[in-house]
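Next come the chains, spelled out residue by residue.
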Amino acid sequence: MDCVFCKIVNGEIPANKLYEDDKCVAFYDLAPQAPVHFLVIPKEHIESANVLTEENAKVIGHIFCVIANIAKKLNLENGYRIVNNCGEDGGQTVKHLHFHILGGKALSWPPYDKSAEV
Ligand code: AMP
Ligand code: ZN
């Protein structure tokens with residue numbers, strides 16, 4: 001399967017890893033959108049949040065605990081944002097479930113600009 005995140009899991013391509021265990025990997029995003037920007041992915045190939053089931057979704061709770069632990073290590077005590085882009089309209093480009101963690105500054109909200117509508 002030609003999945004860039006599976007290749008990171010398998011060690012076929014390098015990543016700047018922050019954390020790894022038997023269920024997930026955390027690594028810095030190649031194109032950071034905030035002073036701190038890393039991704040956490042399940043090792044299992046799950047295409048998106050839209051194909052989660054009671055069986056394969058157990059890893060999500062684990063991933064959120066991992067995120068909280070990494071955030072403590074990176075001194076993100078002032079807060080951060082966890083983002084999941086799901087499907088085409090959600091802006092998902094890599095079809096392997098992943099969570100973006102963005103922090104290191106106060107982030108703007110909302111991400112959707114209604115005034116830009118035509
Ligand atoms: P998304 O648009 O939500 O699918 O996000 C995919 C993210 O993966 C983007 O922020 C990319 O910069 C990031 N990305 C793609 N390839 C790599 C890679 N090899 N190592 C680290 N981050 C990557
Ligand atoms: Zn994959």
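Preceding this section is the structure that the text describes.
Residues numbered from 1 in each chain as written. Chains lettered and ligands numbered in written order. Predicted model: local features only at pLDDT ≥ 70, side-chain atom pairs only at ≥ 80, totals over all residues. Heavy atoms only, no water.

J.: Can you tell me about the side chain of His98, naming the residues and giving the values?
T.: Checked against the element boundaries, His98 lands in the loop between strand E4 (80–83) and strand E5 (99–103). Relative accessible area serves as the criterion here: at 4%, His98 is assigned to the buried category. Of the polar contacts made by the side chain of His98, one reaches the backbone oxygen of His96; its length is 2.7 Å. In this structure His98 touches Phe5, Leu39, Val40, Ile41, Val83, Asn84 and Gln92, once residues within four positions along its chain are discounted. (Helix = DSSP H or I, 4+ residues; strand = E, 2+ residues; numbered from the N terminus. Buried < 20%, exposed > 50% of the residue type's maximum accessible area, 1.4 Å probe, protein only. Polar contact = N/O pair within 3.5 Å; in protein donor to acceptor, adjacent residues only side chain to side chain. Contact = heavy atoms within 4.5 Å.)

J.: So what about the pairing of strand E2 (residues 24–28)? Which residues, and what values?
T.: Burial of E2 is extensive: four of the five residues sit out of reach of the surface. Hairpin connection of strand E1 (residues 17–20) to E2: three residues between the antiparallel strands. (Pairing = 2+ DSSP bridges.)

J.: So what's going on with the pattern of salt bridges? Residues and values would help.
T.: Counting across every chain of the model gives four salt bridges. Among the ionic pairs, Asp22 bridges to Lys23, the shortest N-O distance being 3.6 Å. Looking at Asp22, the relative accessible area reads 61%, which means it is exposed. In the salt-bridge network here, residues are joined through shared partners; they are Lys17, Glu20 and Lys43. (Salt bridge = Lys/Arg side-chain N within 4 Å of Asp/Glu carboxyl O.)

J.: An account of the coordination of the zinc ion (ligand 2) is requested, with residue identities and associated values reported.
T.: Taken together, the protein donors to the zinc ion (ligand 2) comprise Cys3 (SG), Cys6 (SG), His45 (ND1) and His96 (ND1), at separations of 2.0 to 2.3 Å. One can describe the site at the zinc ion (ligand 2) as tetrahedral: its four donor atoms subtend angles covering 106 to 117 degrees at the metal. Look at Cys6 and you get buried, because its relative accessible area is 15%. (Donors = N, O, S within 2.8 Å, 3.2 Å for Na, K, Ca; no water. Tetrahedral: all angles 85-135°; square planar, octahedral: opposite > 155°, others 65-115°.)

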